[in-house]
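# Coordinates in review
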Amino acid sequence: MPVGAGDVVRTAELTKRYGDHTAVDAVAMTVRRGEIYGFLGPNGAGKTTTLRMLVGLISPTSGTATVLGRHPGEPEALRRIGVLIEGPGFYPYLSGRDNLRVLARYRRIASGRTVGSGRRDRFAEVEDVLARVGLADRAEDRFRTYSLGMKQRLGVGAALLGRPDLLILDEPTNGLDPAGMSEMRELITGLAADGHTVVLSSHLLGEVQEICDRVGVISGGRLLTESTVSELRGAATILVRAEPMEKAYPAVRRVVGDHAAMLTAAGIRVDAGRATAPAVARAVIESDANLLELRIDERSLEEVFFEMTKQENPI
Ligand code: ATP
């Protein structure tokens, strides 16, 4: 299948088996340029295995993947990808700055970029990255003295070396406290605003809901769905409580249509989109009923996920 101009990642029937166990089962995922794509699923769902295949760390048993128009692992593609999978293995006794300088040197040697990539360029790039991930003030401190949040941000910094188009981050907020998570979220949305396409895996619905443009939900190795967060959550429902109902209900039905309004024990349920809320409120008031409450109910991604997987383990 040709890769669309906006597609950064596209897989077809991507499968990885370990013996009898199918870790990733015929996954067809598409990541578009410039988006933050959330790869959401519980522990053991197959997220890391999929990401490892995208960067050529492991080969698929069957199926294909195209990343930046190339096969995974091709040097041309790898040059344009920044990866944070299972931590880059920093030296504990080196400072954050020196760790990045070492990595910058390795990356340039590995990519064969020798012209115009001397010490001065390399060091300037490291300073840019340190500032970008908010570690400029602590750059001289040894890695082992960093908090988990700082370690993770240095990991993102390492992924940013070489100014990649695509960032692949495996559980970047894993183990972080709420403040660390929020800093990481801010960093990731900033990176997308800078023009990076970001693929991140997570088992945290709230996080994905907050920062991702599109989501792929994976469970038991299978991609259950892929869509925007709002599509996944579905249309909002409006709930209206009014008195007397005999006046309010017919008035609401006249505005949204007979099929979109239903009388329930909790009140009038309107399934006509959140944009109809002002018209519904006006209809109730003009019917001479008292408007007691108008509430917009939206499903959380969590509810959607549970419906989709019908599994007992919370993620
Ligand atoms: P987690 O958040 O726990 O890392 P995940 O969604 O990233 O979960 P994977 O690490 O991709 O899940 O694992 C998917 C399944 O494949 C798991 O059942 C895991 O035990 C299995 N698996 C992964 N790597 C191997 C391997 N090298 N050998 C055997 N089984 C493996």
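Parameters and conventions
All chains use their own residue numbering, which begins from 1 and follows the written sequence. Thresholds applied to this predicted model are a pLDDT of at least 70 for local features of residues and 80 or more for the giving and counting of side-chain atom pairs; totals over whole chains, interfaces and linings are not thresholded and use all residues. The side-chain quantities take in all heavy atoms of the structure and omit both hydrogens and water. Think of a patch as exposed residues, more than 30% relative accessible area, with no salt bridge, where like charges cluster within 9 Å and nonpolar side chains (Val, Leu, Ile, Met, Phe, Trp, Tyr) cluster within 5 Å. The Shrake-Rupley method, run with a 1.4 Å probe, gives the accessible areas here. Residue values count only the displayed protein chains as cover. By salt bridge we mean one thing: a side-chain nitrogen of Lys or Arg within 4 Å of a carboxyl oxygen of Asp or Glu. Where helices and strands are cited, they refer to DSSP runs of H or I of at least four residues and of E of at least two residues respectively, numbered from the N terminus. Any residue with a heavy atom lying within 4 Å of a molecule or strand is counted as near it. Polar contacts, as used here, are pairs of N or O atoms within 3.5 Å; protein pairs need one atom able to donate a hydrogen and one able to accept it. Residues neighboring in sequence count only if both atoms are side-chain atoms. Gly is put with the polar residues, along with every residue not named as nonpolar or charged; the nonpolar set is Ala, Val, Leu, Ile, Met, Phe, Trp, Tyr, Cys and Pro, and the charged set is Asp, Glu, Lys and Arg. Three labels apply to residues, based on accessible area from a 1.4 Å probe with only protein chains included: buried if under 20% of the type maximum, exposed if over 50%, partly exposed otherwise in between. Each axis is a line fitted through C-alpha atoms, and for a helix only the stretch in contact is used; angles between axes span 0 to 180 degrees, taken between their N-to-C directions. Here a crossing is taken to be left-handed if its near helix is turned anticlockwise relative to the far helix by less than a right angle, and right-handed if that turn runs clockwise. Note on contacts: a residue pair qualifies if any of its non-hydrogen atoms lie within 4.5 Å across the two residues. Strand pairing follows a simple DSSP-based rule, namely that at least 2 bridges must link the two strands. When the strands point away from the viewer, a crossover counts as right-handed if the path from the first strand over the helix to the second runs clockwise.

The subject of this paragraph is a nonpolar patch on the surface. Taken together, the side chains of Ile285, Leu291, Leu294 and Ile296 make up a nonpolar region of the molecular surface, amounting to roughly 290 Å² of accessible area. Along the polypeptide, Leu294 turns up in strand β14 (residues 290-297).

The next subject is the site of the ligand. Near the ligand the following residues occur: Tyr18, His21, Ala23, Pro42, Asn43, Gly44, Ala45, Gly46, Lys47, Thr48, Thr49 and Glu171. Within the side chain of His21, one N or O atom sits 3.1 Å away from an oxygen atom of the ligand. Here an oxygen atom of the ligand sits 2.6 Å away from a polar atom, N or O, in the main chain of Gly44. Burial of the ligand by the protein chains amounts to 59% of its free accessible area of 630 Å². No other element matches helix α1 (residues 47-54), which puts 3 residues into the shell around the ligand. Among the residues forming the shell around the ligand, the class breakdown is 4 nonpolar, 6 polar and 2 charged.

A word on the pattern of salt bridges. Throughout the structure, instances matching the rule amount to 21 salt bridges. Close ionic contact of Arg295 with Asp297 constitutes a salt bridge, the shortest N to O distance being 3.3 Å. Looking at Asp297, the relative accessible area reads 33%, which means it is partly exposed. Within the structure, one salt-bridge network assembled from shared partners comprises Arg97, Arg101, Glu127 and Glu140.

The interhelical angle for the contact between helix α9 (residues 245-256) and helix α10 (residues 277-286), taken along N-to-C directions, is 140°, at an axis separation of 8 Å. Considering how the two elements wind past one another, α9 and α10 form a crossing that is right-handed. The segment α9 lies against α10, with Ala248, Ala251, Val252, Val255 and Val256 engaging Ala279, Val280, Ala283 and Val284. Split into classes, the residues belonging to the contact of α9 with α10 amount to 9 nonpolar, no polar and no charged.

Attention shifts here to the pairing of strand β7 (residues 166-170). A large share of β7 lies buried, amounting to 5 of its 5 residues. Every second residue of β7 is oriented toward a common face, with Leu166, Ile168 and Asp170 on one face and Leu167 and Leu169 on the other, all of them buried. Where strand β6 (residues 81-84) meets β7, 4 bridges bridge the pair, whose relative direction is parallel. Residue pairing across strands places Ile81 opposite Leu166, the latter belonging to β7. Handedness of the β7-helix α6 (residues 178-193)-strand β8 (residues 197-202) crossover: right-handed.

The next thing to look at is the sheet that holds strand β10 (residues 222-228). The strand order across the open sheet built from 6 strands is β6-β7-β8-β4-β9-β10, with neighbouring strands paired in mixed fashion. On the outer flanks of this sheet lie β6 and β10, each paired with one strand and no other. The mean inter-strand angle of the sheet, taken between neighbouring strand axes irrespective of direction, is 15°. Pairing of strand β9 (residues 214-219) with β10, which is carried by 6 bridges, proceeds in the antiparallel orientation.

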